Amino acid sequence: MGYCDYLKALLRPLALYDLESGPGGGELQALGAVMDGVYAEFCRVERESLLPTAEDEGLRRYEEILPYHPASPDLARRREAIMALLRIDGGSFTLPAIRDTIRGCGIACEVKEASAPQTVEIRFPGVMGEPERFAEIQSRIEQILPCHLAVSYVLQYLTWQLLEGYGLTWQRIEAAGLTWSGLECYQEVDA
């Protein structure tokens, strides 16, 4: 029901006005159209100002004030990332909060407590060797974590067991043109 119908329903019990035709009906149509436009704009502003419902401008404005931008173009993951980044404060450094925050920055990694006290261990699952832009990732992580925590990066490289499991021969290695660093990070993807 639009505002024109609402105004008519409001005035109908008075029985003083011709609500369907003439100047009164036209005036109600015009007023209703303007009020419908104001209501539509109000709904858009409300949607964009609330992070769980923002779709475009609201997300963009939140991202403008954050030091890092979420990496995911997916709307739901983008919202989650912004919410995780907004949760950073002096007392929110529980392990789940650290995981959410790092994931919110678009860094695909696993975070867990290390055996050494005051140390966080970070792994990059499914990545052999250093992930792309590793220096940038390290910088982001170390800016997010409280300064009293040490960070231990656990990187995975090709082991002899994996090498044998892939059935690599020197001929295949040479045919692929792998260098030593290329061999260290070699990974066969299951198709």
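What counts and how
Residues numbered from 1 in each chain as written. Predicted model: local features only at pLDDT ≥ 70, side-chain atom pairs only at ≥ 80, totals over all residues. Heavy atoms only, no water. Core = buried A, V, L, I, M, F, W, Y, C linked by side-chain atoms within 4.5 Å. Buried < 20%, exposed > 50% of the residue type's maximum accessible area, 1.4 Å probe, protein only. Helix = DSSP H or I, 4+ residues; strand = E, 2+ residues; numbered from the N terminus. Contact = heavy atoms within 4.5 Å. Phe/Tyr/Trp six-rings, centres within 6.5 Å; stacked < 30°, edge-to-face > 60°. Pairing = 2+ DSSP bridges. Axes fitted to C-alpha atoms, helices over the stretch in contact; angles between N-to-C directions. Polar contact = N/O pair within 3.5 Å; in protein donor to acceptor, adjacent residues only side chain to side chain.

Q: Looking at this structure, I do not really get the nonpolar core. What am I missing?
A: One recurring pattern in soluble globular proteins is that nonpolar side chains are buried together. In terms of nonpolar packing, the biggest core is built from 14 residues, with Ile102, Val111, Ile122, Phe124 and Ile141 touching the most fellow members. Mapped onto this core, the elements with two or more residues apiece are α5 (95-104), β2 (119-128) and α6 (134-144). The contact partners of isoleucine 141, leaving out residues within four places of it in the chain, are Ile102, Ile107, Ile122 and Tyr153. Counting residues in each nonpolar core, the second largest holds eight residues, with Met128, Leu163, Tyr166 and Leu183 among its members.

Q: Please explain the packing of aromatic side chains as it appears in this structure.
A: The relative placement of two aromatic rings is captured by the distance of their centres and the angle of their planes. Considering all chains together, one arrives at four aromatic pairs under this definition. Ring plane angle 80° and centroid distance 6.0 Å describe the contact between tyrosine 3 and tyrosine 6, whose orientation is recorded as edge-to-face. Taken as a pair, tyrosine 3 and tyrosine 6 lie in helix α1 (residues 3-11) at a separation of three residues, close to a single helical turn. An angle of 80° between the planes, with centres 5.9 Å apart, marks the rings of phenylalanine 124 and phenylalanine 134 as edge-to-face. Of this pair, phenylalanine 124 sits in strand β2 while phenylalanine 134 sits in helix α6, and the two are 10 residues apart along the sequence. Among the residues examined, phenylalanine 134 registers a relative accessible area of 9% and is labelled buried. Pairwise contacts between aromatic rings join Tyr3, Tyr6 and Tyr39 into one cluster.

Q: Sorry if this is basic, but what is going on with the sheet that holds strand β1 (residues 110-113) here?
A: Strands pair in a sheet through their backbones, by hydrogen bonds, and they do so in one of two ways: parallel or antiparallel. Across the sheet, three strands lie side by side as β1-β2-β3; this open sheet has mixed pairing. Pairing within the sheet leaves two strands with one partner each, and these edge strands are β1 and β3 (150-156). Ignoring strand direction, the axes of neighbouring strands in this sheet form an average angle of 25°. Against the sheet, α6 contacts β2 and β3, and its axis sits at roughly 150° relative to β3.

Q: Looking at this model, I keep getting lost on the side chain of lysine 8. Mind explaining?
A: Examined against the element boundaries, lysine 8 turns out to sit in helix α1. For lysine 8, a relative accessible area of 8% puts it in the buried group. A polar contact is formed between the side chain of lysine 8 and the side chain of glutamate 20, at a distance of 3.3 Å. With sequence-adjacent residues up to four places away left out, lysine 8 is seen in contact with Leu19, Glu20, Leu28 and Gln29.

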